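# Per-entry structural report
Residue strings, one per chain:
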Amino acid sequence: MVITSSITELRQQRWQQPDASWGFVPTMGYLHEGHLSLARRARAENNFVAVSIYVNPTQFAPTEDLSSYPRDLERDLTLLRGEGVDLVFTPDDLLMYPPGFQTYVMVEKITTVLEGASRPTHFRGVTTVVAKLFNLVQPTRAYFGQKDFQQSVVVRQMAADLNFNLEVIVCPTVREADGLALSSRNKYLTPPQRQAATVLSRALRHGLELLDEGERSGHILHRAMQGIIEAEPLARLDYASVAHPLTLQELDKVENMAVLSTAVFIGKTRLIDNMLWQEREA
Ligand code: AMP
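Summary of the structure given here. Keep in mind the model is a prediction, meaning the values are calculated, not measured.

This brings us to the nonpolar core. One finds Val 130, Phe 134, Met 158 and Leu 248 to be the most contacted residues of the largest nonpolar core, which totals 40 residues. Contributions of two or more residues to this core are made by β2 (22-27), β4 (87-89), α6 (122-137), β5 (141-145), α7 (149-161), β7 (235-243) and β8 (257-266). When neighbours within four sequence positions are excluded, Phe 134 is seen to be in contact with Phe 24, Pro 139, Ala 142, Phe 144, Val 155, Met 158, Phe 164 and Leu 166. Core analysis: the second largest hydrophobic core is formed by 27 residues, Leu 200, Leu 211, Ala 235 and Leu 271 among them.

For the rest of this paragraph, the subject is the pairing of β8. Side-chain positions along a regular strand alternate between the two faces of the sheet. For β8, a buried count of eight out of ten residues is recorded, marking the element as mostly surrounded by other parts of the structure. In the sheet, β7 pairs with β8 via eight bridges, with the strands oriented antiparallel. Paired with Ser 241 across the two strands is Ser 261, which belongs to β8. Looking at chain direction, β8 and strand β9 (residues 269-278) are connected through ten bridges and run antiparallel. Bridging across to β9, Thr 262 finds its partner in Asp 273. In textbook terms, the turn of a hairpin is the stretch between consecutive antiparallel strands, and for β8 and β9 this stretch comprises two residues, one of which, Gly 267, has a positive phi near 60 degrees.

Below, the discussion takes up the sheet that holds β9. Read from one edge to the other, the open sheet built from three strands follows the order β7-β8-β9, with strand pairing classed as antiparallel. Two strands lie at the open edges of the sheet, namely β7 and β9, each paired on one side alone. Sheet twist, expressed as the mean angle between neighbouring strand axes with direction ignored, is 15 degrees. Those strands touched by helix α9 (residues 199-212) are β7, β8 and β9, and its axis lies near 20 degrees from that of β9. In this fold helix α10 (residues 218-230) packs onto β7 and β8, with an angle of close to 160 degrees to the strand it touches most, β7.

Time to look at the site of the ligand. In the vicinity of the ligand lie 17 residues, with Met 28, His 35, Asp 148, Val 174 and Leu 182 positioned nearest. Within the backbone of Met 28, one N or O atom sits 2.9 Å away from an oxygen atom of the ligand. Backbone polar atom of Val 174 to a nitrogen atom of the ligand: 2.8 Å apart, as the coordinates give it. Starting from 490 Å² of accessible surface for the ligand in isolation, the protein chains cover 93%. Of all the secondary-structure elements, those providing two or more residues to the shell around the ligand are β2, α2 (33-45) and β5. The biggest single contributor to the shell around the ligand is α2, with three residues.

This part is about the packing of α6 against α7. Where α6 contacts α7, the axes come no closer than 10 Å and their chain directions differ by 55 degrees. Relative to α7, α6 is oriented oblique. Like other packed secondary-structure pairs, α6 and α7 cross with a definite hand, here right-handed. Residues Phe 123, Val 126, Thr 127, Val 130, Ala 131 and Phe 134 of α6 pack against Gln 150, Gln 151, Val 154, Val 155 and Met 158 of α7. Considered class by class, the residues forming the contact of α6 with α7 number eight nonpolar, three polar and no charged.

Pairing in this open sheet of six strands is parallel, and the strands run β1-β4-β3-β2-β5-β6 from one edge to the other. What marks the edges here is a single partner per strand, and that holds for β1 (2-4) and β6 (167-171). Strand-to-strand twist across the sheet, computed as the mean angle between neighbouring axes with direction ignored, equals 25 degrees. Taken together, the six bridges between β2 and strand β3 (residues 48-53) define a ladder with parallel strand orientation. Residue Thr 27 lies in a different strand from β3, and its bridge partner there is Ile 53. Together, β2, β3, β4 and β5 form the strand contacts of α6, whose direction differs from that of β2 by roughly 150 degrees.

Cut-offs used in this document
Residues numbered from 1 in each chain as written. Predicted model: local features only at pLDDT ≥ 70, side-chain atom pairs only at ≥ 80, totals over all residues. Heavy atoms only, no water. Core = buried A, V, L, I, M, F, W, Y, C linked by side-chain atoms within 4.5 Å. Buried < 20%, exposed > 50% of the residue type's maximum accessible area, 1.4 Å probe, protein only. Helix = DSSP H or I, 4+ residues; strand = E, 2+ residues; numbered from the N terminus. Contact = heavy atoms within 4.5 Å. Pairing = 2+ DSSP bridges. Axes fitted to C-alpha atoms, helices over the stretch in contact; angles between N-to-C directions. Near = heavy atom within 4 Å. Polar contact = N/O pair within 3.5 Å; in protein donor to acceptor, adjacent residues only side chain to side chain. Areas by Shrake-Rupley, 256 points an atom, 1.4 Å probe, with all protein chains shown as cover. Parallel < 35°, antiparallel > 145°, perpendicular 65-115°, else oblique. Left-handed = near helix turned anticlockwise from the far one by under 90°. Nonpolar A, V, L, I, M, F, W, Y, C, P; charged D, E, K, R; others polar.

Structure follows, in structure tokens:
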């Protein structure tokens, strides 16, 4: 496994066999099974696999957890070796944002809602760093988790709009046995908070159940999810949403598909989760 923070070496590795396919998994490190599931899928579908580990400052607001974001590079590298990853790119801030840097990539409409409404500068940072990484790695396929559903929609839009010559592949959310979606930020939770954090998946699952039972009112679904989250004393609701999975617009009335999503503060830790619903074929 080649580990490099050099653009020259990255490009040299990438183009050693120009006709080979490359799968790419961008991450912020502190890897868990969610990240590894993406690396595994990339391994299965490509000749070579590249993973980047970079805590991207431009996607954090000044009030957020950039400085405390968990890091453990040695452990990450051991895990990636175990998955047969070929190349790990570990750039630093100077390489990604040298003095004088002034070009940003911004996707418009779909970044103004949900995470974009709560974190107005977040997606500008995400699309900028992902565009840079796509240009550097030039993968055949790039793998993202459904856990960050809006991110996957935004990245897919950017890749289409800017004609990136690659396929964006979205993989299922990996969860703990009690439903909590794996996240590097789960590390921040105290044991009682960890218990309380199951409220996100409980609320979303309840929403799916209501949809399966025939409920179609966005308002009623929203209120039901909100009620579950507000009943948890350690949780503070940021948003709950019933939206269209392609446009991310809130739905008054659900038709054949919806994405239920929520963002919740557990203490100072902000967690997100989502679940997709699709009407079963009759
Ligand atoms: P991050 O390191 O948080 O930037 O995440 C890197 C990639 O891993 C993103 O595409 C995430 O959506 C994905 N990811 C994070 N958590 C999970 C999870 N629990 N299941 C599947 N993918 C995940």
